[in-house]
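Results of the structural survey
Okay, here's what each chain looks like letter by letter:
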Amino acid sequence: MDSARPGVWLLLGILVLVPGGDMTAEAQDTYARERVRMVEHIAMLMRETRSETGRAALSDRVTAAMSTVPRHEFVPAWERPSAYADRPLPIGHGQTISQPFIVALMTELADVNPGDTVLEVGTGCGYQAAVLAQLAKTVYTIEIVEPLGREAAERLKRLGYDNVTARIGDGYQGWPEHAPFDAIVVTAAPREVPQPLIDQLKSGGRLVVPVGGQILGQTLLVLEKRPDGTINRREVLAVRFVPLVDESGKQQ
Ligand code: SAH
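Heads up: these notes are all about the structure in this document. (Residues numbered from 1 in each chain as written. Predicted model: local features only at pLDDT ≥ 70, side-chain atom pairs only at ≥ 80, totals over all residues. Heavy atoms only, no water.)

This paragraph deals with the pattern of salt bridges. Note that side chains of opposite charge can pair when their charged atoms are close. All told, the structure shown has seven salt bridges when counted by the stated rule. With a shortest N-O distance of 3.7 Å, Glu73 and Arg158 are connected by a salt bridge. Taken together, the residues span a long stretch of sequence, with Glu73 in the loop between α3 (60-68) and β1 (89-92) and Arg158 in helix α6 (residues 146-158) at a distance of 85 residues. Given a relative accessible area of 18%, Glu73 falls into the buried group. In this structure, Arg150 engages Glu146 in a salt bridge whose closest nitrogen and oxygen atoms are separated by 3.2 Å. Of the two residues, Arg150 and Glu146 both sit in helix α6, four residues apart, roughly one turn of that helix. Arg150 gets classed as partly exposed once you look at its relative accessible area, which sits at 45%. (Salt bridge = Lys/Arg side-chain N within 4 Å of Asp/Glu carboxyl O. Helix = DSSP H or I, 4+ residues; strand = E, 2+ residues; numbered from the N terminus. Buried < 20%, exposed > 50% of the residue type's maximum accessible area, 1.4 Å probe, protein only.)

Our focus in this paragraph is the site of the ligand. Close contacts around the ligand come from 26 residues, with Glu120, Glu143, Asp170, Gly171 and Val245 the closest. Gly122 has a polar backbone atom sitting 3.0 Å from a nitrogen atom of the ligand. Taking 580 Å² as the accessible area of the ligand by itself, protein coverage stands at 99%. With respect to the pocket detection grid, the ligand is positioned in the largest pocket. Counting only elements with at least two residues in the shell around the ligand, the list comes to β2 (95-97), α5 (127-135) and β4 (138-143). (Near = heavy atom within 4 Å. Polar contact = N/O pair within 3.5 Å; in protein donor to acceptor, adjacent residues only side chain to side chain. Areas by Shrake-Rupley, 256 points an atom, 1.4 Å probe, with all protein chains shown as cover. 1 Å grid on protein atoms, 1.4 Å probe; cavity = no way out; pocket = protein on both sides within 12 Å on 5 of 7 lines; lining within 4 Å. Sits in = over half its atoms within 2 Å of the grid points.)

Here is the structure:
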């Protein structure tokens, strides 16, 4: 009897593992194709919004990052079929992952170089952090909703984004221990640009942040710290983000 068992297990293994393995490879191909289409769509939107954004196209590095990061790994399982659609998706706790075009545009505007240290405020599911991690030396990211931040940190680790450090907290205050930053990307909207984030920018650094209330709408801003410490502020595009909140849930 004993000697028959390996045969049974082998048979079960073939039945269970082989079709499963094929489906996974097929799904990976589908996601790769969808990612190519997503990047083409972003390229079209970049051309269409060039007069507002001042950029007609994504740089090769940002294109490569958007083409590489597996967005389907960052969304809830039931949203995977829509992972590469150009729209925001729910990620739980009333929060959303931004639409791919906005992630790409904000990354482009942040002008991230290979040696850079970058801060992200609003980790969410960790997708934007992963895109930044493809481009920077180190990424620090802060999330105020504890379970979201914890899950994102685990996901980023599992996917091998070793240059990302995540923590739970109020990103309005930045992360002074790791400042100054070459670039700061804020993915939730405060009413005004948080002064601590301006203070934590390196000379020559860029801060990309959506600013405004929930009713009158928000504007995506790029602030650049000039070598003399003064700030150049540019309005880029009308956008819609979840609010940057304090511990009590009020917009800051
Ligand atoms: N960048 C995210 C999308 C974020 S949605 C991604 O790629 O998935 C905005 C996130 O900002 C939400 O998860 C929200 O909980 C978080 N947030 C809101 N206020 C915050 C604050 N004061 N500090 C840190 N995170 C904040």
